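# Observations on chain architecture
Read off the chains here:
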Amino acid sequence: MINQTVSTHNSAWENSSFPVPKISTILVDAHVHIHHCFNLEHLLDSALSNFDQVSKRGLEFYTKILLTADINDRAWLDQYSENKNANPKWSLIRTGENCSYKACNRDGQTIFIILGSQIVTEEGIEVLALMTEQTFPNDLPLEITVEAIVLAGGLPVLPWGVGKWIGKRGSIIKHFLKREHHFPVFLGDNSGRPLFWRQPTYFRYAKKKRIGILSGTDPLPLTNEHRRVGRFGFKLLGSLDEASPAKSLKQLFINSSHYIEPYGHLENPLQFIRNQVLLRLKSA
C-alpha cells in the first residue's frame, strides 16, 4: 500500500529530505498512464528496476522521473490520499508544487512523479498536458487546447500513436508544426512503436526545426503493462530542485531540448501484434 504525506509549510523544504540541487543525470519516462488495472506499488517497483538497468550503463548518480498523462481521472492518486497503512512499501511525499510528488521506498530509493493529463482534441488528435495538475476538456480545437495548456503552466506534447498521425490528422499536425509559436511545443515518441515501423516523418521535420522529442513508454491498459514503465525514455544533464522538480525540468526542456538523449528499445513486432489484438478484444 502507498502512504501519501502532504506538507504545506515552506520549512519542509529546508530539511535533509530535499538536498541542495546539484548537477546529475536525469532519467525521464515522459508518457506514463497509471491505468485502473495497475497496482501503483508494482508500477513503481518496475520503474525503479527499469531505471536501474539504464543506470548500469555508466551512470553513477541519477534522478528518476515519471511524467504521468492521466486519462479522465486520477483514481490512482485519490486511492492513496487517505491511506492509513502504518508500514507502506512506498510513500508519496508532496513537494513544494501542486503537480509533483516524491515517491520513496523503504530502502530510501526515490522516484519523482509529476502530474499531467491526456486530452483528445476536436480533430481527434491526442495531446499531453505535462507537468500540470490542471485537467482540460476534450473536443476543443488543437490550437485552443495547446494554448490552454501553456496558460496553465504545462508543457504541450503531441505524442505518436498507431494510425493517429496519418490522413487528415497528419495534415493538421503538419500545418500546426509549420506555424511559428511563441511557446515551446514538443512531439512524443513511445516504446509501443514496433521495430519495423520507420521513424515518423514528423520526427525528422521536428529535428530540423529544433522541436524537442520526448520519449516515454505509454503503457497500455493491459495486464503486466505496468512492467514497461521506465524502460523507454530519455536522459539529460541538469540541476533538479527537489522542492520544485516540475519547474526545474521544464526549464531544462525549454533551454536545452537539443541535449535530450533517448534511451530504450522499440516494441518487438510479435508483442506489438499481440497487444493490438488484446486491445481490440478488450474494447469489443
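Anyway, here's the lowdown on the structure attached to this text. (Residues numbered from 1 in each chain as written. Predicted model: local features only at pLDDT ≥ 70, side-chain atom pairs only at ≥ 80, totals over all residues. Heavy atoms only, no water.)

Secondary structure assignment for the protein chain yields seven helices and 13 strands. A fraction of 70% describes how many contacts in the protein chain between residues 6 or more apart in sequence connect residues 24 or more apart. Of the accessible surface of the protein chain, which amounts to about 14,000 Å², a share of 51% is contributed by carbon and sulfur atoms. (Helix = DSSP H or I, 4+ residues; strand = E, 2+ residues; numbered from the N terminus. Contact = heavy atoms within 4.5 Å. Areas by Shrake-Rupley, 256 points an atom, 1.4 Å probe, with all protein chains shown as cover.)

Attention now goes to a nonpolar patch on the surface. There is a patch of nonpolar side chains on the surface, built from I273, V277, L278 and L281 and spanning about 350 Å² of accessible area. With respect to the helices and strands, the residue L278 is situated in helix α7 (residues 269–283). On the basis of relative accessible area, L278 is assigned to the partly exposed category, the value being 30%. (Patch = residues over 30% accessible without salt bridge, like charges linked within 9 Å, V, L, I, M, F, W, Y side chains within 5 Å. Salt bridge = Lys/Arg side-chain N within 4 Å of Asp/Glu carboxyl O. Buried < 20%, exposed > 50% of the residue type's maximum accessible area, 1.4 Å probe, protein only.)

Moving on to the pattern of salt bridges. Counted under the stated rule, the structure contains nine salt bridges. The closest approach of N and O atoms between K164 and E126, which form a salt bridge, is 2.5 Å. Of this pair, K164 sits in the loop between β9 (155–159) and α4 (167–178) while E126 sits in strand β8 (residues 126–130), and the two are 38 residues apart along the sequence. Residues participating in the shared-partner salt-bridge network are E225, R228 and E267.

Our focus in this paragraph is the pairing of strand β12 (residues 233–239). With five of seven residues buried, β12 is to be regarded as a mostly interior element. Alignment of strand β2 (residues 23–32) against β12, held across six bridges, turns out to be antiparallel. Paired with L27 across the bridge in β12 is K235. Judged from the three bridges that link them, β12 and strand β13 (residues 261–263) form a sheet pairing that is antiparallel. Across the sheet, the residue bridging to K235 is E261, located in β13. (Pairing = 2+ DSSP bridges.)

All right, on to the sheet that holds β8 then. Here five strands make up an open sheet; going across it, the order is β7-β8-β9-β10-β11 and the pairing mixed. Each edge of the open sheet is held by one strand with a lone partner, namely β7 (116–120) and β11 (213–216). Averaged over all adjacent pairs, the angle separating strand axes in this sheet is 30°, with direction ignored. Note that strand β10 (residues 186–190) and β11 share four bridges and pair parallel. For D189, the partnering residue across the bridge sits in β11 and is S215. Most of the contacts of helix α5 (residues 201–208) go to β10, to which it runs at about 140°, and overall it touches β10 and β11. (Axes fitted to C-alpha atoms, helices over the stretch in contact; angles between N-to-C directions.)

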